[in-house]
Amino acid sequence: MSTIATPDDARYQEHILQGVSRTFALTIPQLPPTLRAVIGNAYLLCRIVDTVEDDSALTLEQTHQLAGMFTEVVSGSADAEIFAQTLYPLLSEHTIPAEHDLIKNTSAVIRMTHSFNTVQRQALERCIRIMSQGMAAYQEKESLSGLENMAAMDLYCYHVAGVVGEMLTELFCDYSPEINQHKPVLMKLAVSFGQGLQMTNILKDIWEDRKRGACWLPRDIFLERGFDLDNLQPGRFEQGFHDGLGSLIGIAKAHLHNAIRYTCLIPSHETGIRRFCLWAIGMAVLTLNKINRKRDFTAGTQVKISRRSVRATVLITSLLARQDWALKKIFTLASRNLPEVKITEL
């Protein structure tokens with residue numbers, strides 16, 4: 001089996017990105033050419049970890065074993081083909097066809113991983129190791145009772161998104177000495193950036209997560225408002241739940257404010273990297289607005305933003321990508337109706 005990446009591997013990576021993520025298939029091509037391949041590969045590695053964690057047909061023991069095995073595959077100490085042959089037959093119909101195909105072609109993805117420079121490989125390996133360990137640990141804690149407190153939610157968001165922000169920052173800093181000058185501040189803001197995006201996804205997916213027996217909301221936020229997450233039911237109005245949801249929307253907004261700060265530290269001439277960041281922030285803010293206006297939603301489809309909104313976000317942020325003052329103003333205007341909650345300053 002070849003261990004050297006081929007043009008076919010690169011073509012497969014571009015092809016499968018279209019199948020597993022419309023959003024990243026849209027944003028990754030905005031990046032400078034030297035970053036596209038490594039960040040596209042990083043996304044696919046994370047998607048494989050997600051597939052291991054999400055497929056309900058896998059037992060807890062299988063999830064732990066396969067997550068650990070994949071970490072070794074990424075680092076080069078285990079065989080990608082053996083991993084694929086072990087996982088592929090176990091996948092259920094709940095895993096989408098594109099993810100079945102991705103698992104089947106793990107070797108092509110890993111050959112790309114192993115073609116990158118040392119700094120890039122180390123960033124990818126660290127991210128996948130931390131993500132795999134975190135997901136396996138949290139799978140054991142899945143319940144409808146929610147996470148213990150906000151600190152536990154922060155930690156969960158770090159394992160599934162904050163660490164991705166750190167990885168991206170490592171890759172951006174390796175690409176540009178100018179970006180690297182801001183690395184200490186960017187690394188802190190990257191974790192907050194990731195949390196803002198992940199909290200938005202958690203809030204949007206409340207009801208879908210509950211159907212599979214999971215709840216990633218913090219109990220303490222709701223108990224302070226007199227509501228127990230054990231009593232959460234779709235379609236039943238509970239003021240305490242709505243108030244707790246408002247607090248989490250405000251916290252997510254504060255993290256997305258840090259995401260704007262992060263983006264403005266990227267040199268203005270790096271418009272591709274800025275667009276990559278801004279499109280994700282813009283879509284998250286629009287989603288939070290929909291959740292805030294309809295806190296009694298009962299399915300994620302009810303708060304999904306329209307394609308028209310996506311196009312508008314892309315257009316506006318692309319036109320103003322170089323203008324820090326304009327980006328901050330747009331964020332303020334777009335999030336003005338969301339609750340205000342302070343988080344620790346970074």
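Fair warning: this is a prediction, and the values are worked out from it, not measured in the lab.

A. Examining the nonpolar core more closely. Core analysis: the biggest nonpolar cluster contains 110 residues, and I39, F70, F172, L217 and L248 have the highest contact counts within it. Ignoring any residue separated from it by four or fewer positions in sequence, one finds L217 in contact with G146, L147, I202, L203, I206, F222, L229, F241 and L248.

B. A look at helix α4 (residues 60–75). Relative to the 22 Å expected for 16 residues at 1.5 Å per residue, α4 spans 23 Å between its end C-alpha atoms, a close match to the ideal helical length. All of the buried residues along α4 are T63, L66, A67, M69, F70, T71, V73 and V74. Residues of α4 that are buried sit in contact with α3 (33–54), α5 (80–87), α7 (106–113) and α8 (118–140). One or two positions beyond α4, positive phi appears at G76, with a value near 95°.

C. Molecular detail of the packing of helix α15 (residues 271–293) against helix α17 (residues 324–334). In contact at an axis separation of 10 Å, α15 and α17 are set at 15° when each is read in the N-to-C sense. By the angle between their directions, the pair α15 and α17 is classed as roughly parallel. Both α15 and α17 take part in a crossing whose hand is left-handed. Contacts between α15 and α17 involve R274, L278, I281, V285 and N289 from the first element and D324, L327, F331 and A334 from the second. A class-by-class count of the residues in the contact of α15 with α17 yields six nonpolar, one polar and two charged.

D. Spatial organisation of helix α6 (residues 97–104). Turning to α6, its buried residues number three or more, namely A98, E99, H100, L102 and I103. Buried positions along α6 lie against α1 (7–20), α3, α5 and α7.

E. Structural view of the pattern of salt bridges. Tallying each qualifying case throughout the model produces 16 salt bridges. Of the charged contacts in the structure, one is a salt bridge between R126 and E166, with a shortest N-O distance of 3.0 Å. Within this pair, whereas R126 is found in helix α8, its partner E166 is found in helix α9 (residues 150–175), the two being separated by 40 residues in sequence. Put simply, K183 and E170 hold a salt bridge, and the shortest N to O gap is 2.8 Å. Of the two residues, K183 is situated in helix α11 (residues 183–204) and E170 in helix α9; the sequence distance between them amounts to 13 residues. Within the structure, one salt-bridge network assembled from shared partners comprises E142, D209 and R212.

F. Local environment of the side chain of N41. As for its placement among the helices and strands, N41 is situated in helix α3. With relative accessibility at 0%, the residue N41 sits in the buried group. In contact with N41, not counting residues within four places along its chain, are Q13, V109, M112, T113, F116 and L124.

G. Inspection of the environment of S145 at higher detail. Along the chain, S145 turns up in the loop between α8 and α9. For S145, a relative accessible area of 25% gives the class partly exposed. C-alpha of S145 to C-alpha of G213: the two residues are 68 residues apart in sequence and 9.5 Å apart in space. Filtering out sequence-adjacent residues up to four positions away, S145 remains in contact with R219, L229 and D230. At 2.7 Å, the side chain of S145 forms a polar contact with the side chain of D230.

Basis of the calculations
Residues numbered from 1 in each chain as written. Predicted model: local features only at pLDDT ≥ 70, side-chain atom pairs only at ≥ 80, totals over all residues. Heavy atoms only, no water. Core = buried A, V, L, I, M, F, W, Y, C linked by side-chain atoms within 4.5 Å. Buried < 20%, exposed > 50% of the residue type's maximum accessible area, 1.4 Å probe, protein only. Contact = heavy atoms within 4.5 Å. Helix = DSSP H or I, 4+ residues; strand = E, 2+ residues; numbered from the N terminus. Expected span 1.5 Å × (residues − 1). Axes fitted to C-alpha atoms, helices over the stretch in contact; angles between N-to-C directions. Parallel < 35°, antiparallel > 145°, perpendicular 65-115°, else oblique. Left-handed = near helix turned anticlockwise from the far one by under 90°. Nonpolar A, V, L, I, M, F, W, Y, C, P; charged D, E, K, R; others polar. Salt bridge = Lys/Arg side-chain N within 4 Å of Asp/Glu carboxyl O. Polar contact = N/O pair within 3.5 Å; in protein donor to acceptor, adjacent residues only side chain to side chain.

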